[in-house]
Every structure is written in structure tokens, then in C-alpha cells.
Amino acid sequence: MADNEHPEEGKLELIASKSFKSYDEMYRVVDFLNKTLKDKKVIFGLTKDKSNDTMSISVYEI
């Protein structure tokens, strides 16, 4: 394998991101998705912005 075949190996590539009104149970959805789809080489992230009461879900390719 050449050095340039996988130059960013181990890094996550952002596929999509969406913001929405804060939902207290959303972490459970993200946990479910991560456990269910881990073999599909995707991972989900969740961030909360308390200043404007929103959350953002991000989808990454591993």
C-alpha cells in the first residue's frame, strides 16, 4: 500500500449536519444509531447549544 492511498486514515469525514430545536431524549436516538450502524462505517455526533436551545446532529464516515 502506497503512503498516499489513505492519507487521512483514522479521521472522520463529515457527511451531513442538521440543527433543530432542543429535544431532551435525542441522545438516546444518537446512541441507538451508533450502536446499530457501527458496522456500516458511520458515526453520529450530537451537540447542544444552550444559548439558543438548539441541537445539531452530525453524521460522519469512518
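Residues numbered from 1 in each chain as written. Predicted model: local features only at pLDDT ≥ 70, side-chain atom pairs only at ≥ 80, totals over all residues. Heavy atoms only, no water.

## A look at the overall build of the protein chain
Summing up its helical and strand segments, the protein chain has one helix and three strands in all. For the protein chain, the succession of helices and strands along the chain, N to C, is β-α-β-β. For the protein chain, buried positions account for 16% of its 62 residues. A fraction of 56% describes how many contacts in the protein chain between residues 6 or more apart in sequence connect residues 24 or more apart. (Helix = DSSP H or I, 4+ residues; strand = E, 2+ residues; numbered from the N terminus. Buried < 20%, exposed > 50% of the residue type's maximum accessible area, 1.4 Å probe, protein only. Contact = heavy atoms within 4.5 Å.)

## Let's talk about the pattern of salt bridges
Where side chains of opposite charge bring their charged atoms close, a pairing between them can arise. Scanning the entire structure with this criterion turns up two salt bridges. Residue Arg-28 is joined to Glu-25 by a salt bridge in which the shortest nitrogen-to-oxygen separation is 3.3 Å. Residues Asp-31 and Lys-35 are paired through a salt bridge, measuring 3.3 Å at the closest nitrogen-oxygen approach. Placement of the pair is Asp-31 and Lys-35 together in helix α1 (residues 26-37), with a separation of four residues, close to one helical turn. (Salt bridge = Lys/Arg side-chain N within 4 Å of Asp/Glu carboxyl O.)

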